[in-house]
Amino acid sequence: YRYQYLYEATSILLDTNLYPPGSLIKGKWHELNSMLMAWLTLIQQVGIHSIASYNDNEEDLQGTKENEYKISDSLIMPVTLMETILKRIIDERAAGNTSVLI
C-alpha cells in the first residue's frame with residue numbers, strides 16, 4: 001500500500017540521526033521534494049478520509065493492532081508530514097546547505 005511506503009520512506013528521510021541538518025546531498029533533498037509531491041498525489045487520489053481510515057484500521061509497523069493515532073490525528077497526519085518535509089528543507093538551507101531547492 002502506498003501509504004505505508006510513503007510513511008516509512010518519509011520517516012527515514014526526516015530522521016536527523018541518519019541525516020543531520022545540512023547533510024542532505026542533492027539526491028536526498030530531491031527525495032524530500034518527491035515525497036512531498038507523492039503525499040499530495042495520494043491525498044488527491046484516495047482522499048484524506050480514506051488515508052485516515054487505513055491508518056486507524058491497519059496494523060502498525062510492529063504488527064500490533066493498536067491504534068497509534070486517534071481519528072483526528074489520522075486526518076491531519078499526511079498534512080503534518082508534508083509540513084515537516086518543508087521544514088526539513090528549510091532547516092537544510094539554514095544549516096548551510098544552499099544547494100537545497102524547494
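Structure first, text after, so check above.
Right, let's walk through the structure included here. For every chain, the first residue of its written sequence is number 1, and the numbers climb from 1 along that sequence. Since the coordinates come from a predicted model, pLDDT governs what is reported: local features require at least 70, and pairs of side-chain atoms require 80 or more to be given and counted, while whole-chain, interface and lining totals use all residues. Remark: hydrogens and water are excluded; side-chain values derive from all non-hydrogen atoms of the structure.

## A word on the overall build of the protein chain
The helix count covers DSSP runs of H or I at least four residues long, the strand count covers runs of E at least two residues long, and both are numbered beginning at the N terminus. Check the secondary structure of the protein chain and you find four helices and zero strands. Along the chain direction, N to C, the helices and strands of the protein chain fall in the order α-α-α-α. Exposure is judged per residue with a 1.4 Å probe applied to protein chains only, and the accessible area is read against the type maximum: over 50% gives exposed, under 20% gives buried, and values in between give partly exposed. Going through the 102 residues of the protein chain one by one, you find that 34% of them count as buried. By the convention used here, residues are in contact when the closest approach between their heavy atoms is within 4.5 Å. Pairs at least 24 residues apart make up 69% of the contacts formed inside the protein chain by residues separated by at least 6 positions. Total accessible area computed for the protein chain in this model is approximately 6,300 Å², and 58% of it derives from carbon and sulfur atoms. Computed by Shrake-Rupley with a 1.4 Å probe, the accessible areas treat only the displayed protein chains as cover when residues are assessed.

## A few points about the nonpolar core
Core analysis: the largest hydrophobic core is formed by 21 residues, its most contacted members being Y3, Y7, L32, M35, W39 and I85. Counting only elements with at least two residues in this core, the list comes to α1 (2–14), α2 (26–46) and α4 (71–94). Element by element, the count of residues in this core is highest for α2, at seven residues. Once residues within four sequence positions are removed from consideration, M35 is found in contact with Y5, L6, A9, T10, L13 and I85. Take the buried residues of types Ala, Val, Leu, Ile, Met, Phe, Trp, Tyr and Cys, join any two whose side-chain atoms come within 4.5 Å, and each joined set is a nonpolar core.

## Structural notes on α1
Expected helix span is taken as 1.5 Å per residue step, with the number of steps being one fewer than the number of residues. In a regular helix each residue adds 1.5 Å, so 13 residues correspond to 18 Å; α1 covers 18 Å between its end C-alpha atoms and thus fits that length. All buried positions along α1 are accounted for by Y3, Q4, L6, Y7, A9, T10, L13 and L14.

## Comments concerning the packing of aromatic side chains
A pair of aromatic rings is counted whenever rings of Phe, Tyr or Trp (Trp by its six-membered ring) have centres within 6.5 Å, and the orientation is called stacked for planes under 30 degrees apart, edge-to-face for over 60 and tilted otherwise. By the definition in use, this model includes two aromatic pairs. Ring geometry for Y3 against Y7: centres 6.2 Å apart, planes inclined by 15°, an arrangement best described as stacked. Placement of both Y3 and Y7 in helix α1 is noted, with a separation of four residues, approximately one turn of the helix. As far as burial versus exposure is concerned, Y3 and Y7 are alike and both buried. On the accessibility criterion, Y3 (3% relative accessible area) is buried. Members of the aromatic cluster, connected to one another through ring pairs, are Y3, Y7 and W39.

## Topic: the pattern of salt bridges
For this analysis, a salt bridge means a side-chain nitrogen from Lys or Arg found within 4 Å of a carboxyl oxygen belonging to Asp or Glu. One pass over the structure, following the stated rule, counts three salt bridges. Measuring nitrogen to oxygen at the nearest pair gives 3.2 Å for the salt bridge that ties K28 to E31. With K28 and E31 both in helix α2, this residue pair falls three residues apart, about one helical turn. On the basis of relative accessibility, which here comes to 32%, the residue E31 falls in the partly exposed class. A salt bridge links D91 to K87; the shortest N-O distance between them is 2.9 Å. Linking D91 with K87, this pair stays in helix α4, spanning four residues, or about one helical turn.

Keep in mind these values describe shape, not function.
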